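Inside the fold
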Amino acid sequence: MARLRLPRTVWVLGFASLLNDTASEMIAPLLPVFLTAVLGAAPAAIGLIEGLAVATASVLQLVSGRLADRGVSTRWLVLGGYGASNLVRPLIALAWAWPVVLLLRFADRIGKGLRTSPRDALLAGAVGEQHRGLVFGFHRAMDHGGAMLGPLLAFGLLQAGLSTPQVFAASVAPGALVLLCLGFGLREARATPAEQPAPLRWGLLDRRVRSLIGAAGLLAVASVPDAFLVLWAYQSGIEVVWLPLLWAAAHAVRSAISVPAGYLSDRLGRIPVVTGGWLIRAGLLAVMGTVSRDGTLLWGLFLAYAGATACTEGAERALIGDRAPPEQKGTAFGIYYLVSGLLALPGALLFGGLWQTFGQGSAFAVAAAITLIGAGAFLHQARRSG
């Protein structure tokens, strides 16, 4: 692997992501069971909560990306976004009904929407195209590293006798470290935007970017929200106390794969890595819908699916960074997140509705079919665009 001295911005944003996901993932693997077993939420309600959360973030990701391109401080957009999430998220500990969780998740995702596109624009601008896959892979590895530490902390706190709401409240500690990391470590990017930047028209985007965004939209419809993966594991026989460890193991796999996959996309090209990862994901979804109480197989499928998602994350973002005009990278990332995020809402509702009405097997089968279609459509369009 080629030697690369990562810029300060990449390191700071990486550690901020690690700490933020430590805080977030102390809650995530326990939340579906908390919603269903404690607050009485049905699968369709979980689909509404997760789909609305993703859709909210996606709309604001376009807005914040455009603001960054217009010269609004990327440092303050990133800091404000992380700050909003880490102030609101621990309040889930006080929820007494699932609509309260919905409102808090909505507010949490507002913070995500504010920070994501400006952050990705900073990462894309920190290095040249030949190293961009590696940089995004590194960032995803740090992100998943935090998502591994969070469940381990949650497991330790549960073993020490804390209740689930107390674990949620304890997430305030790593959240505070996020703000310290960014407040002292992140410097304002040098930017000289035009006073009135030209609008980013769909027809002017590189065809590979357009095909990626279109396929990502289809993939979003087929995406299985993490909350449903946890519920699948729980209802298939994995006890609550083991869910944080399963979650941690999944993110350990993602963290280990993200950097090599990003580097591979620098060497082999973005298209083979993206389509290969999506095809593997479709196959795994098809199998997951047929599995019943087999502990070893459940763990294996859960971890394999995590690895398949990690294969494509860095390459997808790097492709956007490669092909978007330098002065419009924030907006291009915003469109990418907008399309995939808005379509995640009907996708989550569809998945939850199919699960509730016909069972989990039907839900996973439909998700696998749509994922396969999305991968094929992207590959076809990418080949046409050369």
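About the cut-offs
Residues numbered from 1 in each chain as written. Predicted model: local features only at pLDDT ≥ 70, side-chain atom pairs only at ≥ 80, totals over all residues. Heavy atoms only, no water. Axes fitted to C-alpha atoms, helices over the stretch in contact; angles between N-to-C directions. Helix = DSSP H or I, 4+ residues; strand = E, 2+ residues; numbered from the N terminus. Parallel < 35°, antiparallel > 145°, perpendicular 65-115°, else oblique. Left-handed = near helix turned anticlockwise from the far one by under 90°. Contact = heavy atoms within 4.5 Å. Nonpolar A, V, L, I, M, F, W, Y, C, P; charged D, E, K, R; others polar. UniProt positions renumbered as here; feature names shortened; annotations may be inferred. Phe/Tyr/Trp six-rings, centres within 6.5 Å; stacked < 30°, edge-to-face > 60°. Lys NZ or Arg CZ within 6 Å of the ring centre and 35° of its normal. pLDDT = per-residue confidence, 0-100.

1. A few points about the packing of helix α1 (residues 8–24) against helix α8 (residues 172–185)
Contact pair α1 / α8: the axes reach a minimum separation of 8 Å and the direction vectors enclose 165°. Taken together, the axes of α1 and α8 lie roughly antiparallel to each other. Between α1 and α8 lies a crossing of left-handed hand. Two secondary-structure elements touch here, α1 through Arg8, Val12, Leu13, Phe15, Ala16, Leu19, Asn20, Thr22 and Ala23 and α8 through Pro174, Gly175, Leu177, Val178, Cys181, Leu182, Phe184 and Gly185. Here the contact of α1 with α8 is built from residues that sort into 12 nonpolar, 4 polar and 1 charged.

2. Brief notes about the UniProt feature "transmembrane region" (unreviewed entry) in the chain
Within this numbering scheme, the UniProt entry marks residues 34–64, 76–98, 167–186, 211–234, 297–315, 335–355 and 361–379 as carrying the feature "transmembrane region" (unreviewed entry). For residues 76–98, the helix share is 61%, the strand share is 0%, and the end-to-end C-alpha distance is 32 Å. With 100% helix and 0% strand, the stretch residues 297–315 has end C-alpha atoms that lie 28 Å from each other.

3. Topic: the packing of aromatic side chains
With the rule as written, the count across this model stands at 10 aromatic pairs. For the pair Trp355 and Phe364, a centre-to-centre distance of 6.4 Å together with 45° between the ring planes defines the contact as tilted. Each residue in the set Phe228, Trp232, Phe351, Trp355 and Phe364 is aromatic and connected to the rest through ring pairs, giving one cluster. The positively charged end of Arg75 is found above the aromatic ring belonging to Trp76, 5.3 Å away from the centroid. If you follow Arg115 out to its NZ or CZ, it ends over the ring of Tyr82, 4.4 Å from the centre.

4. Considerations on the confidence of the model for the chain
Looking at the chain, the pLDDT average stands at 81 and 90% of residues meet or exceed 70. Per-residue pLDDT, averaged within each element of the chain, yields its smallest value for helix α9 (residues 207–222) (75) and its largest for helix α7 (residues 164–170) (91).

5. Some details on the side chain of Arg140
Its place among the elements puts Arg140 in helix α6 (residues 129–159). Contacts of Arg140, omitting those with residues within four sequence positions, involve Ser258, Glu313, Gly314 and Arg317.

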